Amino acid sequence: MNTENYIGRILDGRYEIQGIIGEGGMAVVYKAVDHRLNRQVAVKIMRQEMAADEEFRRRFLQEAHAVAMLSNHNIVAIYDVSRSSSMEYIVMELVEGITLKQYMERRGALGWQETLHFSR
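This is a predicted model, so every value here is computed, not measured.

### As for the sheet that holds strand E5 (residues 78-83)
In spatial order, the strands read E1-E2-E3-E4-E6-E5; together these six strands make up an open sheet with antiparallel pairing. In this open sheet, the two strands that pair with only one neighbour each are strand E1 (10-11) and E5. With eight bridges joining them, strand E3 (residues 27-34) and strand E4 (residues 39-46) adopt antiparallel strand pairing. Among the inter-strand pairings, Val33 is bridged to a residue of E4, identified as Gln40. Against the sheet, helix H2 (residues 54-68) touches E3, E4, E5 and strand E6 (88-93), its axis set at about 160° to E5.

Written out as structure tokens, the structure reads:
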């Protein structure tokens, strides 16, 4: 399935996909609405070509379990994980804003104070 084809779909009768936030080599992250809890969330859906590989599926779920065990204001919260024969996805806290990459593209190279700030 093309990454755009998820927009408008409702996953598990609950998560309505609204648009793409970002893309990586293994998954696409979407902005969605959780209709059960009436809140905005991020949904990370594994690319179909990766879902065919059991090792990638295992690593994807392992990532979700590892992050879900952490509790820190600098780490997004994991709300849900779903696995089916055709799809793997992780539902997590939606953090609005820009990425560090976008920040650097706008501002240029970081000074040592900014580097230290973002490192902490």
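From this point, the narrative continues.
### Quick notes on the pattern of salt bridges
What the rule picks out here adds up to eight salt bridges. We note a salt bridge from Asp34 to Arg14, for which the minimum N-O separation is 2.8 Å. One end of the pair, Asp34, is in strand E3; the other, Arg14, is in the loop between E1 and strand E2 (15-23), and 20 residues separate them in sequence. Each member of the pair, Asp34 as well as Arg14, carries the same accessibility label: buried. It is possible to trace a salt-bridge network through shared partners that takes in Glu54, Arg57 and Glu88.

### Regarding unusual backbone geometry
With a phi close to 50°, Asp12 is a non-glycine residue in the positive phi region. Tracing the sequence through the fold places Asp12 in the loop between E1 and E2. The exposure class of Asp12 is exposed, given its relative accessible area of 52%. One non-glycine residue, Asn38, lies in the positive phi region at around 50°. Of note, Asn38 is situated in the loop between E3 and E4.

Conventions we followed
Residues numbered from 1 in each chain as written. Predicted model: local features only at pLDDT ≥ 70, side-chain atom pairs only at ≥ 80, totals over all residues. Heavy atoms only, no water. Pairing = 2+ DSSP bridges. Helix = DSSP H or I, 4+ residues; strand = E, 2+ residues; numbered from the N terminus. Contact = heavy atoms within 4.5 Å. Axes fitted to C-alpha atoms, helices over the stretch in contact; angles between N-to-C directions. Salt bridge = Lys/Arg side-chain N within 4 Å of Asp/Glu carboxyl O. Buried < 20%, exposed > 50% of the residue type's maximum accessible area, 1.4 Å probe, protein only.

Note that all results are geometric; they support no functional claim without further evidence.
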